[in-house]
Amino acid sequence: MWLKPEEVLLKNALKLWLMERSNDYFVLQRRRGYREEGGGGLTGLLVGTLDSVLDSTAKVAPFRILHQTPDSQVYLSIACGANREEITKHWEWLEQNIMKTLSVFDSNEDITNFVQGKIRGLIAEEGKHSFAKEDDPEKFREALLKFEKCFGLPEQEKLVTYYSCSYWKGRVPCQGWLYLSTNFLSFYSFLLGSEIKLIISWDAVSKLEKTSNVILTESIHVCSQGENHYFSMFLHINQTYLLMEQLANYAIKRIFDKETFDNDPILDDPLQITKRGLENRAHSEQFNAFFRLPKEETLKEVHECFLWVPFSHFNTHGKMCISENYICFASQDGNLCSVIIPLREVLAIDKTNDSSKSVIISIKGKTAFRFSEVKEFEQLVAKLRLKCGAASTQYHDISTEVPISSESVDPSDDIEVQSLICQKECSKTVNTEALMTVFHPQDLETLNSKTLKEKMKEQSWNILFTECGRGVSMFRTKKTQDLVVRGIPETLRGELWMLFSGAVNDMAANPGYYAEVVEQSLGTCNLATEEIERDLRRSLPEHPAFQSDTGISALRRVLTAYAFRNPKIGYCQAMNILTSVLLLYAKEEEAFWLLVAVCERMLPDYFNRRIIGALVDQAVFEELIRDHLPQLTEHMTDMTFFSSVSLSWFLTLFISVLPIESAVNVVDCFFYDGIKAILQLGLAILDYNLDKLLECKDDAEAVTALNRFFDNVTNKDSPLPSSVQQGSNVSDEKSSHIRVDITDLIRESNEKYGNIRCEDIYSMRCRNRLYVIQTLEETTKQNVLRVVSQDVKLSLHELDELYVIFKRELFFSYYWCLRAPVLKHHDPSLPYLEQYQIDCQQFRVLYHLLSPWAHSANRDSLALWTFRLLDENSDCLINFKEFSSAIDIMYNGSFTEKLKVLFKLHIPPAYTEVKYKDPSKGDELSKEELLYFSQLHVSKPAKEKEAESAKNSPEKVAIYSVFKDTI
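Reading the values: the criteria
- Residues numbered from 1 in each chain as written.
- Predicted model: local features only at pLDDT ≥ 70, side-chain atom pairs only at ≥ 80, totals over all residues.
- Heavy atoms only, no water.
- Helix = DSSP H or I, 4+ residues; strand = E, 2+ residues; numbered from the N terminus.
- Buried < 20%, exposed > 50% of the residue type's maximum accessible area, 1.4 Å probe, protein only.
- Contact = heavy atoms within 4.5 Å.
- Areas by Shrake-Rupley, 256 points an atom, 1.4 Å probe, with all protein chains shown as cover.
- Pairing = 2+ DSSP bridges.
- Axes fitted to C-alpha atoms, helices over the stretch in contact; angles between N-to-C directions.
- Expected span 1.5 Å × (residues − 1).
- pLDDT = per-residue confidence, 0-100.
- Parallel < 35°, antiparallel > 145°, perpendicular 65-115°, else oblique.
- Nonpolar A, V, L, I, M, F, W, Y, C, P; charged D, E, K, R; others polar.
- Core = buried A, V, L, I, M, F, W, Y, C linked by side-chain atoms within 4.5 Å.
- Left-handed = near helix turned anticlockwise from the far one by under 90°.
- Salt bridge = Lys/Arg side-chain N within 4 Å of Asp/Glu carboxyl O.
- Arc of directions from axis to C-beta.
- Polar contact = N/O pair within 3.5 Å; in protein donor to acceptor, adjacent residues only side chain to side chain.
- Phe/Tyr/Trp six-rings, centres within 6.5 Å; stacked < 30°, edge-to-face > 60°.

Each helix and strand counted, the protein has 35 helices and 23 strands in total. Within the protein, the proportion of its 967 residues that are buried is 53%. For the protein, the share of sequence-separated contacts (at least 6 apart) that also reach a separation of at least 24 residues comes to 65%. Taken as a whole, the protein presents about 45600 Å² of accessible surface, with 52% of it coming from carbon and sulfur.

Structure below.
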């Protein structure tokens, strides 16, 4: 363990200790007589005897580490260990994290001070982890007091946790404490009389990443407003980084993406954010994403155990994950075995009486799962039985339309009865068959090579169903993935899309929901429905299904129903293309739930006005290109080419660029592997065309090369009629390029880039989300400044600074205000100038800070009247253009312009008589008074106002008195 640095005397110590390792700054020693052959001689025996007769509290650890500096006789004990493994771990940490750093110091005294500070920080860090932060122990309270004293933030600012670390000021590390709170990253250090204080708001962070270089083994890099900050020497750097990443993304979403928090009471209250809560939330998000569960699910328990795999006759080791409504399992070995068990499917939960500590879960369809070596299995069985009781009540007589195994298919089963009941009311309007079965029914009498291959595919899946089960609780293995890569058979595509996407769970939990939404949305007319009507005929126009009223009507109903369900998204271009393909293979209600799964879980933030999700994944794609195709990165000087060319790939899952018979194979992989499949395929396409792209001289040539490639992608095994296939429309004489089969392309993408982990993609998404949103914010700022600069005399530099102050004051009010009016939030759907607006209270703060007229006696009244003058539409909010125009006149306006403004301030509608509730406060208005007076509207006729203004001559006198005080 680490020790508080204390001086040791080495004059006679060498007789008691033996040196095992050393370098310029540290020495690792072993106690004489400890595990020496023959006891280490007489000296070893004496030392061993001395140690053995001492009481247990005074015994000396057999290993220790000392700190030394060259040409110094002073040694400091900094660590000790009960065994070689423990002390070696400390030694290696010093070598990796401290040794390379010490070379930057100029004096031995600085080195010793730094090492002492670092070791004390590590001791405090280790002690801190033994406490539960939510219980607010004594040490955490002390840290909270230091945090409040050092940084002077409002009391409402919630400290989440704190860490000992080093902050790099140039090439010199400064040991101190890093404080992470809901809105700020703060650092404080005081060494050798030098104080360092740093406060960075999370919403200003544009880059957050782990880095390493020659001096720093591992550090955390934070970029904010163009400045780079480096923090290193954390005891648990991964844990620290993940928490910083969560807080940064939380702040970004809270400020820039308020829709995320509308239905999230936990994150909506910043005072309730805790370290443990954030960690649990991150685990739940990853759990839901991996198993494709509804986003409302929360991970409750995780148990290491073994699952019996009957068709392979072995137990696979992994983790059982339990949420409110699901029991899931994922193996930790290379077999890629996973299982999802909805509690609505569970019939019984039993335990064995032997020593295997097994839990047996029986589900509908005569299937049972055996989990063995489960710790505290008896308590787990009791909990699960209670859960299943609740679940059976909640999901009474509700199940999926997909049977769990081939044996469970029974026409008289409750599943079919429930399905028929749900469809009765909507049978007149909602299609109950996939469009492909209506427009391209399979001809069983005509058998050709393609039909035979399709039958072989179906047989392969039927064999898999026999082994692994069928439905939501089937075993998902490497064999399942291999069959998906080959392409799902036409007859099974809709069923398996529902299964792999998790849409089957959404539909099972909401019986009859789609019919209700369709009925409620019929006849609605808004911007979304107008856009839908305009795009209906553009959705796969070459397919017969969408040349008829049947297909068009189904597409209209699904898109309109979704726009009604989720008005924040409404309708976005590319949704029509995706939905039309879903309708080909899935029933109408299933297509709706597949669209819900894609828009709300699998591709978050893709289908909105700013398509932030797609931009984030494009940034992830660029990062992967740099890692896997460096030669292409070197050739393409501008990486934005990849963003422009790949946008349609992500938004339409390659449907818009590939022939339909090939694109559906990509959709197969997407529903199984998520965005990972799209990223892998994108890399494989660039890799396949690498030589051609390296020969291109400009972007236009590169785009042409890729378009030719897409035109020549085929699906040789597709059973679709030639009239429907798009790839077959390219004649062989016209195209001299080599045809590429989509199955081979997907298989190659898995072989070359299948090692990309979902966890890495999740981390890259979080990291690039900060960059994308800050880039969009910078674009907004530049557009606002460009428009405003034409109407004011302030320079661009002055406007830039004014915009930063304006925006900062706006954000400060959100940091500690839980529920501000919607209009005051950032709304990217509004024009650039309207995206940020402030109210009268915020204007008063800025007026006092910036206005040269803020020194007059009645400055609050002037601020109020100025705000009312600027608020021409009387919505009690003003934008940056209106704000900057007032500041511009105050500083750069002519004498006449200033006089004119002062005159307008003292006549309606700007002027309102101010009556102070508390005369003891003088001319100062309370926040409530200010907001009240700012919302008063002048309702008198214009002639009456003119007459009153003419009579009120004292006001004119007041104008000149105020003017004299302010100018």
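The next subject is the sheet that holds strand E12 (residues 227–232). Strand pairing within a sheet occurs via backbone hydrogen bonds; the two strands may be parallel or antiparallel. Pairing is antiparallel in the open sheet, where seven strands are placed in the order E9-E8-E7-E6-E12-E11-E10. Each end of this open sheet is capped by a strand with a single partner; those strands are strand E9 (194–201) and strand E10 (205–211). Strand after strand, the sheet turns through a mean of 30° between neighbouring axes, direction not considered. Pairing of strand E11 (residues 219–224) with E12 involves six bridges; the strand directions are antiparallel. Note on E12: the bridge partner recorded for Val222 is His229.

Under the 1.5 Å per step criterion, the end-to-end length of helix H6 (residues 275–291) is 25 Å for 17 residues, consistent within 8% with the ideal 24 Å. Note on H6: the residue one or two positions beyond its end, Arg292, has a positive phi of about 55°.

Before going further, it helps to spend a moment on the confidence of the model for the protein. Per-residue pLDDT for the protein averages 81, and the proportion of residues at 70 or more is 79%. No element of the protein has a lower mean pLDDT than helix H35 (residues 953–966), which averages 38, and none a higher one than helix H12 (residues 493–501), which averages 96. Segment residues 728–734 is flagged for pLDDT under 50; beyond a separation of four residues in sequence, or across chains, it makes seven contacts in the model. Considering only residues more than four positions removed or in separate chains, one finds that residues 820–825, a stretch of pLDDT under 50, has 14 contacts.

A few words on the sheet that holds strand E5 (residues 75–81). One open sheet holds the five strands; their spatial order is E1-E5-E4-E3-E2, and the pairing between them is antiparallel. The outermost strands of the open sheet, each flanked by one partner alone, are strand E1 (2–8) and strand E2 (17–22). Across the sheet, the mean angle separating the axes of adjacent strands is 30° when strand polarity is ignored. Examined bridge by bridge, strand E3 (residues 26–31) and strand E4 (residues 63–67) share five bridges and lie antiparallel to one another. Counted as the bridge partner of Arg30 is Phe63 from E4. The sheet contacts of helix H2 (residues 84–102) involve E1, E2, E3, E4 and E5, and relative to E3 the element is tilted by about 170°.

One way to put it is that helix H23 (residues 675–688) packs onto helix H25 (residues 699–711) with a least axis distance of 11 Å and a crossing angle of 110°. With respect to each other, H23 and H25 are oriented roughly perpendicular. Residues Ile685, Leu686 and Tyr688 of H23 touch H25, and the partners they reach there are Leu706, Phe709 and Phe710. Classifying every residue of the contact of H23 with H25 gives six nonpolar, no polar and no charged.

Soluble globular proteins: nonpolar side chains tend toward being buried together. In this structure, Ile361, Phe371, Trp461, Met575, Phe607, Phe671 and Leu686 are the most contacted members of the largest nonpolar core, which totals 144 residues. The greatest single-element share of this core, amounting to 10 residues, is contributed by helix H18 (residues 588–602). Beyond its immediate chain neighbours, meaning those up to four positions away, Met575 contacts Leu559, Tyr562, Ile569, Gly570, Leu595, Cys599 and Phe607. The next biggest cluster of nonpolar side chains, apart from the first, holds 49 residues, and it includes Leu785, Ile838, Trp853 and Phe883.

Before going further, it helps to examine the environment of Leu799. Looking at the element boundaries, Leu799 is found in helix H28 (residues 796–815). Each C-alpha atom, one on Leu799 and one on Leu785, is 6.7 Å from the other, the two residues being 14 residues apart in sequence. Residues in contact with Leu799, not counting those within four places in the same chain, are Leu785, Val788, Ser789, Val792, Leu794, Phe880 and Ser884.

Turning our eyes to something else, we now look at the packing of helix H22 (residues 660–673) against helix H26 (residues 742–753). Two packed helices can be described by the angle between their axes and the distance between those axes. One way to put it is that H22 packs onto H26 with a least axis distance of 9 Å and a crossing angle of 30°. When the axes of H22 and H26 are compared, the pair comes out roughly parallel. Taken as a pair, H22 and H26 cross one another with a handedness that is right-handed. Where H22 abuts H26, its residues Ser662, Asn665, Val666, Cys669 and Asp673 lie against Ile742, Thr743, Ile746 and Asn750. When the residues that make up the contact of H22 with H26 are grouped by side-chain class, the tally is four nonpolar, four polar and one charged.

Further remarks concern unusual backbone geometry. Of note, the amide linkage connecting Pro908 to Pro909 takes the cis form, showing an omega dihedral of 5°. With respect to the element layout, Pro909 can be found in the loop between helix H32 (895–905) and helix H33 (927–934). Positive phi, close to 50°, is recorded for Gln225, a residue that is not glycine. Take Gln225: it is sitting in the loop between E11 and E12. Overall, Gln225 belongs to the exposed group, its relative accessible area being 61%.

What follows covers the pattern of salt bridges. What the rule picks out here adds up to 33 salt bridges. A salt bridge links Arg493 to Glu490; the nearest nitrogen and oxygen atoms lie 2.9 Å apart. On the basis of relative accessible area, Glu490 is assigned to the buried category, the value being 14%. Between Asp791 and Lys881 there is a salt bridge whose closest N-O contact spans 3.2 Å.

Let us look at helix H4 (residues 138–151). Here H4 is 14 residues long and its end C-alpha atoms lie 20 Å apart, about the 20 Å a rise of 1.5 Å per residue gives. Those residues of H4 that fall on the buried side of the exposure criterion are Phe140, Ala143, Phe147, Cys150 and Phe151. All buried residues of H4 project into a common sector of 95° when viewed along the axis, lining one side. Looking at H4, the residues exposed on the side facing more than 90 degrees away from the buried face are Leu145 and Lys149. Buried residues along H4 sit in contact with strand E6 (159–169), strand E7 (172–181), strand E8 (184–191) and E9. At the C-terminal side of H4, Gly152 shows a positive phi close to 60°.

Attention now moves to the pairing of E12. Two elements, E6 and E12, share two bridges in a ladder whose sense is antiparallel. Residue Tyr167 lies in a different strand from E12, and its bridge partner there is Phe231. Hairpin connection from E11 to E12: two residues lie between these consecutive antiparallel strands, with Gln225 at a positive phi of about 50°.

Right, let's get into the environment of Ser201. Mapped onto the secondary structure, Ser201 falls in strand E9. We classify Ser201 as buried; its relative accessible area is 9%. Residues Ser201 and Ser186, 15 residues apart in the sequence, show an inter-C-alpha distance of 8.5 Å. Non-local contacts of Ser201, meaning those with residues more than four positions away in its chain, are made with Asn183, Phe184, Arg808 and Tyr815. Polar contacts involving the side chain of Ser201 include one to the side chain of Arg808, which spans 3.5 Å.

A few words now on the packing of aromatic side chains. Inspection of every chain in the model, using the stated rule, returns 43 aromatic pairs. For the ring pair Tyr606 and Phe607, a centre distance of 6.2 Å and an interplane angle of 50° mean the geometry is tilted. With 5.7 Å between their ring centres and 85° between their planes, Trp649 and Phe710 make a pair best called edge-to-face. Taken as a pair, Trp649 in helix H21 (residues 640–652) and Phe710 in helix H25 lie far apart in primary sequence, 61 residues in all.

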